[in-house]
Amino acid sequence: MDTTTRPRTRSLSEETLLRLRERAADADAAAVYPVDDLADLRAADWFRAALPEDFGGLGLDLAALAREQRRMARFSPATALSTCMHHYWVGLAADLHRIGLPGADLIAGYVADGELLASGHAEAGNDVPVALSTASARRVAGGWRITGRKMFGSLGEHWDRLGFHAMDSSDPAGPVVVHGFVSHTAAGVTTVRNWDAQGMRATESHDTVLDDVFVPDSDVLCIVPAGPAAHPAVTVMQIWALTLIANVYVGIAERALEIAVAQAARRRSIAIPRGTFAHHPLVHSQVADMYLALDAARGCVDAVARDWVAGVDHGPLWGPKVLAAKWQATVAANRVVDLACEVVGGASFRRGTELERLSRDVRAARFHPGSDAFTHEVIGKALLGVDPAGPRW
């Protein structure tokens with residue numbers, strides 16, 4: 001594994017982030033991935049950000065990386081969101097390494113080879129991500145044959161390896177879920193270029209079809225019973241994923257507030273004696289509401305990341321806590337962006353403006369796990385003492 005000494009930075013430069021912002025509008029309009037962003041991030045060694053330093057990485061923990069991805073989202077939401085899919089796998093490797101569990105070397109090896117990792121968890125017809133799967137896993141000599149279709153595969157055709165889950169139901173009394181990684185170049189892997197969405201257009205989150213793809217045992221992370229997973233690799237992966245994703249939407253809200261405040265100071269009306277909308281009492285209230293919602297959500301996502309890094313023992317409430325943080329981020333970000341559009345006025349409705357793009361990008365938050373319904377289900381069951389492994393209803 002390459003651990004060559006090279007210049008290190010644990011934070012992206014303002015110059016790099018400004019280049020990302022410069023590309024964001026054109027990438028959104030064309031619905032194509034800004035591949036030059038990947039080149040800039042590789043030059044900054046950013047895809048090793050969460051990897052431990054003794055593995056050749058930058059050693060950022062969950063709290064530090066979440067802050068940085070949130071900062072990136074203020075410049076290019078699509079790039080920030082899509083790269084979170086890579087980072088949560090690398091963060092999983094870091095924590096597995098820290099607690100001495102297997103799996104770290106597998107993921108770290110991919111990253112050391114320069115591979116970009118993507119998420120293969122979203123599926124049509126499955127509203128309990130990771131716990132179950134519509135993709136099938138069939139045991140064969142030396143590995144598994146995987147068949148299924150994954151959607152919302154951020155990073156388009158630019159990923160090198162897809163982290164997936166698939167279900168082996170050959171034993172109806174004991175189905176299992178296989179978690180592993182498949183190479184983009186493996187026989188039977190096809191990208192379906194069908195991403196034409198309202199927002200986050202530049203993520204190129206196309207579908208991926210896995211048609212009897214062979215995955216060797218050496219690329220399998222873990223095999224767990226179907227249903228709510230207690231395996232540490234699955235639990236840790238979900239905490240990293242949801243925390244990073246939540247921070248992207250908080251970053252969008254931060255940028256929307258910044259735009260609204262700047263625009264209110266410039267926006268004028270002949271009916272306002274003091275000149276600008278910054279003196280309008282309704283705008284005072286709207287901006288205050290934006291700040292209040294954002295500050296609460298920011299506090300929530302920061303607390304989850306801080307507690308995780310500090311090793312706070314929330315026991316079985318870790319799942320509800322991280323889902324709650326993501327839910328708070330989703331609700332707050334949508335409200336903040338909507339209010340920003342009110343403050344800015346009709347200009348926010350014009351295509352090509354940054355706030356108009358943010359108003360579309362933020363809508364994607366509702367569709368990331370956990371959804372509103374799933375979040376309420378999990379938290380309600382946890383507080384009421386309902387066994388999540390029992391009958392669902």
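Residues numbered from 1 in each chain as written. Predicted model: local features only at pLDDT ≥ 70, side-chain atom pairs only at ≥ 80, totals over all residues. Heavy atoms only, no water.

**What about the overall build of the protein chain?**
The helix and strand inventory of the protein chain stands at ten helices and eight strands. Dimensions of the protein chain, computed from the C-alpha atoms along their principal axes, are close to 80 × 50 × 40 Å. Counting over 393 residues, the protein chain shows a buried share of 54%. Residue pairs in contact within the protein chain that sit at least 24 positions apart in sequence constitute 73% of those at least 6 positions apart. Between the centroid of the 39 positive side chains of the protein chain and the centroid of its 46 negative side chains there is a distance of 6 Å. (Helix = DSSP H or I, 4+ residues; strand = E, 2+ residues; numbered from the N terminus. Buried < 20%, exposed > 50% of the residue type's maximum accessible area, 1.4 Å probe, protein only. Contact = heavy atoms within 4.5 Å. Lys, Arg positive; Asp, Glu negative; His and termini not counted. Charge placed at Lys NZ, Arg CZ, Asp CG, Glu CD.)

**Examining the pattern of salt bridges**
Counted under the stated rule, the structure contains 33 salt bridges. Where lysine 150 meets glutamate 123, a salt bridge forms, and the shortest distance between an N and an O atom there is 2.6 Å. A residue pair is termed long-range when its members are at least 10 positions apart, and lysine 150 in strand S3 (residues 143-153) and glutamate 123 in the loop between strand S1 (117-120) and strand S2 (136-140) qualify at 27 residues. The exposure classification of lysine 150 matches that of glutamate 123, with both residues buried. Several salt bridges share partner residues, and in doing so they unite Arg21, Arg70, Arg74, Glu254, Arg255, Glu258, Asp295, Arg298, Asp302 and Glu354 into one network. (Salt bridge = Lys/Arg side-chain N within 4 Å of Asp/Glu carboxyl O.)

**Comments concerning the packing of helix H1 (residues 14-30) against helix H9 (residues 354-361)**
The contact between H1 and H9 brings their axes to 11 Å, and the two run at 65 degrees. If you check the angle between H1 and H9, you find them roughly perpendicular. The handedness of the crossing between H1 and H9 comes out as left-handed. Between H1 and H9, the residues in contact are Arg21, Ala24, Ala25 and Asp28 and Glu354, Arg357 and Arg360, respectively. (Axes fitted to C-alpha atoms, helices over the stretch in contact; angles between N-to-C directions. Parallel < 35°, antiparallel > 145°, perpendicular 65-115°, else oblique. Left-handed = near helix turned anticlockwise from the far one by under 90°.)

**Focus: the side chain of threonine 243**
Inspection of the secondary structure assignment puts threonine 243 in helix H6 (residues 232-266). Given the relative accessible area of 3%, threonine 243 is considered buried. Apart from residues lying up to four places away in sequence, threonine 243 is in contact with Leu62, Ala66, Val304, Ala305 and Val322.

**A look at the packing of aromatic side chains**
A full pass over the atoms with the stated rule returns five aromatic pairs. Measuring from centroid to centroid gives 5.2 Å for tyrosine 110 and phenylalanine 181, while their planes differ by 65 degrees, and the two rings are edge-to-face. Placement of the pair is tyrosine 110 in helix H5 (residues 104-112) and phenylalanine 181 in strand S5 (residues 176-183), with a sequence separation of 71 residues. Here tyrosine 110 and phenylalanine 181 have matching classes, each one buried. The interplanar angle of 85 degrees and the centroid separation of 5.8 Å between the aromatic rings of phenylalanine 152 and tryptophan 195 together place this pair among those described as edge-to-face. In this pair, phenylalanine 152 is assigned in strand S3 and tryptophan 195 in the loop between strand S6 (189-192) and strand S7 (206-216), connecting sequence segments 43 residues apart. The buried category is assigned to tryptophan 195, whose relative accessible area is 18%. Here the aromatic residues Tyr88, Trp89, Tyr110 and Phe181 are joined through ring pairs into a cluster of three or more. Across the ring face of phenylalanine 277, the terminal group of arginine 267 is positioned such that the distance to the ring centre comes to 3.9 Å. Across the ring face of tryptophan 393, the terminal group of lysine 381 is positioned such that the distance to the ring centre comes to 5.6 Å. (Phe/Tyr/Trp six-rings, centres within 6.5 Å; stacked < 30°, edge-to-face > 60°. Lys NZ or Arg CZ within 6 Å of the ring centre and 35° of its normal.)

**Things to note about the environment of alanine 49**
Its location among the elements puts alanine 49 in the loop between helix H2 (35-43) and helix H3 (62-73). Sequence separation of alanine 49 and aspartate 289 is 240 residues, and the distance between their C-alpha atoms is 34 Å. If we skip the residues at most four places from it in the chain, alanine 49 touches Leu58, Gly59, Leu60, Leu65 and His87.

**A closer look at helix H4 (residues 77-99)**
An α-helical turn contains 3.6 residues, so a residue and the one three or four places further along point in the same direction. When the terminal C-alpha atoms of H4 are compared, their 32 Å separation across 23 residues agrees well with the 33 Å that a helix rising 1.5 Å per residue should span. Of all the bends in H4, the largest measures some 35 degrees and sits at methionine 85. Within H4, 20 of the 23 residues are buried, which leaves the element mostly enclosed by the surrounding structure. One or two positions beyond H4, positive phi appears at glycine 100, with a value near 75 degrees. (Expected span 1.5 Å × (residues − 1). Bend = angle between axes of the 7 residues up to and from the residue.)

**Digging into empty space enclosed by the protein**
Using the criterion set out here, one finds one cavity of 30 Å³ or more in the structure. In this structure, the largest cavity encloses a volume near 60 Å³. Elements that contribute at least two residues to the lining of the largest cavity include exactly H1, H4 and H9. The leading source of residues in the lining of the largest cavity is H4, at three residues. Classifying every residue of the lining of the largest cavity gives six nonpolar, two polar and four charged. (1 Å grid on protein atoms, 1.4 Å probe; cavity = no way out; pocket = protein on both sides within 12 Å on 5 of 7 lines; lining within 4 Å. Points joined across faces, edges and corners; volume = space filled by probe spheres on them. Nonpolar A, V, L, I, M, F, W, Y, C, P; charged D, E, K, R; others polar.)

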